[in-house]
Amino acid sequence: MHIRRSTVFFTLLVALFGCRQNDEKPNVIVFFTDDQGYSDLGCFGATGFETPHLDALAESGIRFTSLYAPATVCTPSRAGLLTGLYPKRSNLHEAVIFPYSTHGLSPESYTLAELFKDNGYSTACIGKWHLGHQPEFMPNRQGFDYFYGVPYSNDMDGHFYRHNNFQSPPLPVYRNEDIIEEGPDQRYLTKRYTEESIQLIKNRGEEPFFIYLAHNMPHTPLHVSEQFDGKSKLGLYGDVIMELDWSMGEIIRTLKEEHIYENTIVVFSSDNGPISNRSARPLRGTKATTWEGGQRVPGLIAWPQEIPANKVSDEMVTLMDLFPTFVDILEDAGSQKRRFDGISLLELLKNPEETKLAPRPFLYYARNGQPEAIREGEWKLHVQKSRGWSKDSVAFSPQLYQLGIDLGEHKNVIDEHPDIFKQMQEDLEKEDQLIQ
C-alpha cells in the first residue's frame, strides 16, 4: 500500500511539473543578418561555402522557401519586422536612415520588444539598430532593456556625404545609451555580438528572454575574423557567411548547455536581398529592387518542444507575420486586438503539412517608397520598373509573372491573362490606399 501511494504521488508530481514545464513561456531569439541572399545557406543551395549549423537548424524546424522581407533595404525592413506593419505606416518606407538623419521609429510605435516586455520577458537588442540614432529613437526607448551594438550600417563609418557636405563620425558602439567605442575593428563585430548574446543567455534571470541579434554582416564592407579568413572557396563573402553560421552554432550550443534549447524559439532570416545576383539565385534581382531577389529571403524557424522538425513550407509568409505569431503564442489578449499587416503563423508552425494560409496580397515597396509590385497567390504584377538605386523615372509597361512556374520572373504573361492583370492592378491601388 505504501509503494502504491508513493507511485501515485510520484506520478502526480511528474505530471504537475511536466505541465508546468510545458506552460513555461518560450525564450525567443531572432537572428537577423544584413543583405544575406536567398541562396546563401547550404539548405537553400549555396555553393563555395558551408553552413552546417544553419542547415542543422533547418532540420530542427521549418524552412520557409517563400518568405519576404518587408522592404528592399535596411531601415524599412527592420521597422516592418519590429512592428508587424508595412513600413509606410511608420513613415520609414523611403530609403534608409543616414548618420545625418534626424528621424526614426516613433516612440509611439508598439514594438516586438514592448510586447515581450509587457509579458514578463527580459529584452535585448544586440548588433545593428538602424531605426534612428537620436536618443528618443534608440533601442532602450523602444522596449529593449539592453542594447549592445551600432546605430546604423557599417559602411557609414566615417563616410563623407558629398551631396550635403556631411562628414559622418566614426561608427559608434553603444552599451545601452553610452558610447563605449568609436570606429571599431569590424573584423570582430560578428564575434563580439555572438559573445555578448551568449553572456546574456548564461546570465539570464528567472524571466524568459527575447534577444534580437541583428548582425552587421554580410553588408559591405565585408569583414571577417582571422579564424574564418580564407576558409571558404568563395573568398571573403563566403568566409563572412561561414562566420555567421558559426555564430548560430555557438548560440545553439549555449542553449543546449543551459538546457533551454527545447523551449526556445529561434528565427533566422535576412533584412533584404543581397548585392550580388549570385547570392539570390534562382531569383531575379538584388537588394534595393522589387524583383524576387530583393525581398524573398531565407527563413528558418525552430521550436523543438512545439513544432515538427525537418519540414519545408512554400506558403507565402513575411517577416511582418512574426509579431502576430508571437502575440498568439503569448496569448496576449490586448495585443490580439491590435492592427497588423502580418498574420499569425502559429497553426502553420504546428502543422505545416496540413495548414494552408488564406489568400492575401503582398505589396512590394520600392526604395523611393512607391508600390512597384504586388503578389497574390502564384501571380506577381510589376506596375513600375524596379529601379533599385536609381532615382530616375523610367518608361515601363506593366509585367505579369506566374511565380509558380517562373520563379525567376523571366516570362511576362500579361497579354495572356488580361483579367488577372486588371484585377491585380486594382488590388494594388486599393491596398496601397489602405496602408497609411
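Since the structure is predicted, the reported quantities are computational estimates derived from the model, not experimental observations.

1. A few points about the overall build of the protein
Here comes step 1: In terms of helices and strands, the protein carries ten helices and 17 strands.
Here comes step 2: Computed over C-alpha atoms, the radius of gyration of the protein comes to 22 Å, within 12% of the 22 Å expected from 2.2 N^0.38 for 436 residues, which places it in the range of a compact globule.
Here comes step 3: Summarising its shape, the C-alpha atoms of the protein cover approximately 90 × 55 × 45 Å along the three principal directions.
Here comes step 4: When each of the 436 residues of the protein is scored for burial, the buried share is 58%.
Here comes step 5: Look at the contacts in the protein between residues 6 or more apart in sequence, and 66% of them connect residues 24 or more apart.
Here comes step 6: With an accessible surface of roughly 18,700 Å², the protein has 49% of that area assigned to carbon and sulfur atoms.
Here comes step 7: Averaged over its 43 positive side-chain charges, the protein has a centre that lies 1 Å from the centre of its 61 negative ones.

2. Some thoughts on the packing of helix H2 (residues 52–60) against helix H6 (residues 236–257)
The angle between the axes and the distance between the axes are what describe a pair of packed helices.
Here comes step 1: Two elements in contact, H2 and H6, have axes whose closest approach is 7 Å; the angle formed by their N-to-C orientations is 55 degrees. By the angle between their directions, the pair H2 and H6 is classed as oblique. Here H2 contributes Pro52, His53, Leu54 and Leu57 to the contact with H6, which in turn contributes Asp245, Trp246, Met248, Gly249 and Ile252.
Here comes step 2: Grouping the constituent residues of the contact of H2 with H6 by class yields six nonpolar, two polar and one charged.

3. Regarding the packing of aromatic side chains
Here comes step 1: Within this structure, the stated rule accounts for 25 aromatic pairs.
Here comes step 2: Centroid distance Tyr148 to Tyr193: 6.5 Å. Interplanar angle 85 degrees. Geometry classified as edge-to-face. Here Tyr148 is found in strand E4 (residues 146–150), whereas its partner Tyr193 is found in helix H5 (residues 189–202), with 45 residues between them in sequence. Neither Tyr148 nor Tyr193 differs from the other in exposure class; each is buried.
Here comes step 3: Its guanidinium or amino end placed over the ring of Trp291, Arg284 lies 3.6 Å from that ring's centre, counting from NZ or CZ.

4. Brief notes about the sheet that holds strand E14 (residues 361–365)
Here comes step 1: In spatial order, the strands read E14-E15-E16-E17; together these four strands make up an open sheet with antiparallel pairing. Where the open sheet ends on each side, the last strands, each with one partner, are E14 and strand E17 (399–402). Pairwise comparison of adjacent strand axes, ignoring direction, gives a mean angle of 20 degrees for this sheet.
Here comes step 2: Across five bridges, the pairing between E14 and strand E15 (residues 371–376) is antiparallel. When the bridges of E15 are listed, Pro361 appears paired with Glu376.
Here comes step 3: Of the strands in this sheet, E14, E15, strand E16 (379–382) and E17 touch helix H10 (residues 418–434), which is tilted by about 115 degrees from E15.

5. Here we look at the environment of Ala58
Here comes step 1: Checked against the element boundaries, Ala58 lands in helix H2.
Here comes step 2: Residue classification places Ala58 among the buried residues on the basis of a relative accessible area of 6%.
Here comes step 3: Sequence separation between Ala58 and Ala302 is 244 residues; the distance between their C-alpha atoms is 7.2 Å.

6. Here's the deal with H5
Here comes step 1: Spanning 14 residues, H5 covers 20 Å between terminal C-alpha atoms, matching the ideal 20 Å at 1.5 Å per step.
Here comes step 2: Turning to H5, its buried residues are Leu189, Thr190, Tyr193, Thr194, Glu196, Ser197, Ile198 and Ile201.

7. Quick word on the state of the cysteines
Here comes step 1: In the structure shown here, the tally under the stated rule is zero disulfides.
Here comes step 2: No disulfide involves Cys74; its nearest neighbouring cysteine sulfur is the one of Cys125, lying 14 Å away.
Here comes step 3: The exposure class assigned to Cys74 is buried, which follows from its relative accessible area of 2%.
Here comes step 4: Overall, the relative accessible area of 0% leaves Cys125 in the buried class.

8. Topic: the nonpolar core
Here comes step 1: In this structure, Phe210, Tyr212 and Phe326 are the most contacted members of the largest nonpolar core, which totals 49 residues.
Here comes step 2: Ranked by residues supplied to this core, first place goes to helix H8 (residues 322–330) with six residues.
Here comes step 3: Ignoring anything within four residues of it in the chain, the contact list for Phe326 reads Val28, Leu112, Leu115, Phe116, Ile265 and Val267.
Here comes step 4: Val96, Tyr146, Met156 and Met248 belong to the second largest nonpolar core, which has 42 residues in total.

9. Quick word on the pairing of E15
Here comes step 1: Counting buried residues along E15, five of its six residues qualify, which places the element largely inside the surrounding structure.
Here comes step 2: Two elements, E15 and E16, share four bridges in a ladder whose sense is antiparallel. Bridged to Arg375 within E16 is Lys380.

10. What to know about the environment of Val312
Here comes step 1: Of note, Val312 is situated in strand E12 (residues 311–313).
Here comes step 2: Each C-alpha atom of the pair Val312 and Asp419 lies 32 Å from the other, and the pair is 107 residues apart in sequence.
Here comes step 3: Here Val312 is in contact with Arg63 and Thr65, once residues within four sequence places are set aside.

Cut-offs applied
- Residues numbered from 1 in each chain as written.
- Predicted model: local features only at pLDDT ≥ 70, side-chain atom pairs only at ≥ 80, totals over all residues.
- Heavy atoms only, no water.
- Helix = DSSP H or I, 4+ residues; strand = E, 2+ residues; numbered from the N terminus.
- Rg over C-alpha atoms; globule rule 2.2 N^0.38 Å.
- Buried < 20%, exposed > 50% of the residue type's maximum accessible area, 1.4 Å probe, protein only.
- Contact = heavy atoms within 4.5 Å.
- Areas by Shrake-Rupley, 256 points an atom, 1.4 Å probe, with all protein chains shown as cover.
- Lys, Arg positive; Asp, Glu negative; His and termini not counted.
- Charge placed at Lys NZ, Arg CZ, Asp CG, Glu CD.
- Axes fitted to C-alpha atoms, helices over the stretch in contact; angles between N-to-C directions.
- Parallel < 35°, antiparallel > 145°, perpendicular 65-115°, else oblique.
- Nonpolar A, V, L, I, M, F, W, Y, C, P; charged D, E, K, R; others polar.
- Phe/Tyr/Trp six-rings, centres within 6.5 Å; stacked < 30°, edge-to-face > 60°.
- Lys NZ or Arg CZ within 6 Å of the ring centre and 35° of its normal.
- Pairing = 2+ DSSP bridges.
- Expected span 1.5 Å × (residues − 1).
- Disulfide = S-S within 2.5 Å.
- Core = buried A, V, L, I, M, F, W, Y, C linked by side-chain atoms within 4.5 Å.

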